[in-house]
Amino acid sequence: MSENLKEIVEEISKNDNILIVGHILPDGDDVSSLVSMTLGLEKLGKKVTAAIDDEIPEYLLQFPLVKSKIKKFEDVEKIIYKNYDIMVILDCSSPDRIGRFEKYLNAFHVLLIDHHVTNTYFGNLNWVDPSMASTAQMVYRILTSLNVEYDKELATMNLLGVATDTGFFKYQNANVLVFKDVTGLIEKGANISDISNTILDNIPLEQIYLYKDVISNLKLALNGQIAYSLLSLDMFSKYNVLPKDSPSFVENLRSIRGVEIAIVFQEYEKGSYHVSLRSKKWADVSKIALNFGGGGHPRAAGFSIETNDIKQTMEEIVDYIAKTIPNHNPNPAFQ
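Residues numbered from 1 in each chain as written. Predicted model: local features only at pLDDT ≥ 70, side-chain atom pairs only at ≥ 80, totals over all residues. Heavy atoms only, no water.

The chain is annotated in an unreviewed UniProt entry as Phosphoesterase RecJ domain protein from Petrotoga mobilis.

Below is the structure:
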């Protein structure tokens, strides 16, 4: 057991009233980590509340425990001072990522558990390990170190984060350790088919139509190595899709032959956009995101911007990226 993990385990062991906080724009790893940590600590008799200051995407709400175990900021704020001993923050690289919970950081002893290389170490006790493909794997180590007895329900929720943050085991971060952890969780009862059927084989028809428009907006740069597109509020409204419930489709753009970097600009409020970045083999998109105030991993990162002229902003950002990365493997089809 690493020293940081040991300290985290000791701190959790001696506290019985625990607030667990995830990040805004929650993804599968974040939601999985919160629910798994909550289920595991409840098995030890601890009083636990998990909360996220944002709406959870519909595809994750398909897992019943997500809806029942994760609270909203408004529900927690009413009792935050008198009900909790410590705050455990999962999968967050910087304090702004926890939304309005940020203003309560000084009120608690904060345990931070994360795997992002861009983490700013803003907790009182930090366990940050970029060698982990997911925060869910770190939660797995905490719970097993606490001798939590896994059942099928807990194992499946824990596996959810590992599966989604490795792109269902197709990303470069799907290493030997990932498969060892997956094997351990499956041995404890995790059902990978339940996870894949719920996420991969359960796409609403409206999202297919939306994807059609994303492809219609597709542009290429740097000899076809950069693919980018736009998801606007008008497009969401056209198909009656809420921004929180839509995938960014950035993975689809990355899958195009010859593309190294995929970018999707997704409008979530009027004039406010989240920029999702993905790379395939060699480009470090975490450095790009960091330049714009965001963060993430070498192959998956993001940041937020505000602009009244998204088309011009898109071109400026793509131009910056094209000048920053080398013209590494030009695709003759787009020369």
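**Considerations on the overall build of the chain**
Using the following cut-off: The way it works is that DSSP assigns letters per residue, a run of H or I at least four long becomes a helix, a run of E at least two long becomes a strand, and they are numbered from the N terminus. Throughout, radius of gyration means the C-alpha value; the globule benchmark is 2.2 Å times the number of residues raised to the power 0.38. Throughout, a contact is declared for two residues whenever any of their heavy atoms are within 4.5 Å. In short, Shrake-Rupley with a 1.4 Å probe defines the accessible areas, and a residue's cover is counted only from the protein chains shown.
Summing up its helical and strand segments, the chain has 15 helices and twelve strands in all. Its C-alpha atoms give the chain a radius of gyration of 20 Å, within 12% of the compact-globule value 20 Å for 335 residues. The contacts in the chain between residues at least 6 apart in sequence include a share of 65% that link residues at least 24 apart. For the chain, the exposed area adds up to about 15,000 Å²; of that, 49% sits on carbon and sulfur atoms.

**Some details on the side chain of S94**
This is how it is decided: Accessible area is worked out with a 1.4 Å probe on protein chains only. A residue is then buried under 20% of its type maximum, exposed over 50%, and partly exposed in between. Polar contacts, as used here, are pairs of N or O atoms within 3.5 Å; protein pairs need one atom able to donate a hydrogen and one able to accept it. Residues neighboring in sequence count only if both atoms are side-chain atoms.
Of note, S94 is situated in the loop between β4 (86-90) and β5 (109-114). Residue classification places S94 among the buried positions, given a relative accessible area of 14%. Looking at S94, its side chain comes within polar contact range of the side chain of D96, at 2.6 Å. Ignoring anything within four residues of it in the chain, the contact list for S94 reads T120 and F122.

**Topic: the nonpolar core**
Here is the rule: Residues belong to one nonpolar core when they are buried, are Ala, Val, Leu, Ile, Met, Phe, Trp, Tyr or Cys, and are joined through side-chain atoms within 4.5 Å.
Judged by nonpolar contacts, the single largest core of 51 residues is most densely connected at I12, I20, M37, L41, I70, I113 and I142. For I20, the contacting residues outside a window of four places in its chain are L34, M37, T38, L41, V48, T49, A50, A51, V88 and L90.

**Structural notes on the pairing of strand β1 (residues 17-21)**
For clarity, the cut-off: Pairing between strands is defined by DSSP: at least two bridges between them are needed. A crossover counts as right-handed when, viewed with the strands pointing away from the observer, the path leading from the first strand over the helix to the second turns clockwise.
Most of β1 is tucked away, with four of its five residues classed as buried. Inspection of the sheet shows β1 paired to strand β2 (residues 47-52) by five bridges, in the parallel sense. Bridge pairing links V21 to A51 in β2. Taking the sense of rotation as the criterion, the β-α-β connection linking β1, helix α2 (residues 28-43) and β2 turns out right-handed. Summarising the sheet, β1 and β4 pair through four bridges and their orientation is parallel. The residue bridging I18 from the neighbouring strand is I86, located in β4.

**Overview of the environment of A300**
If you trace the backbone, A300 turns up in strand β12 (residues 300-306). Taking the C-alpha atoms as reference points, A300 and A289, separated by eleven residues in sequence, lie 9.4 Å from one another.

**A look at helix α7 (residues 135-145)**
Here α7 lies mainly inside the structure; nine of its eleven residues are buried. Within α7 the residues assigned to the buried category are T135, A136, Q137, M138, V139, Y140, R141, I142 and L143. Within two residues after α7, N147 carries a phi angle of roughly 60 degrees, on the positive side.

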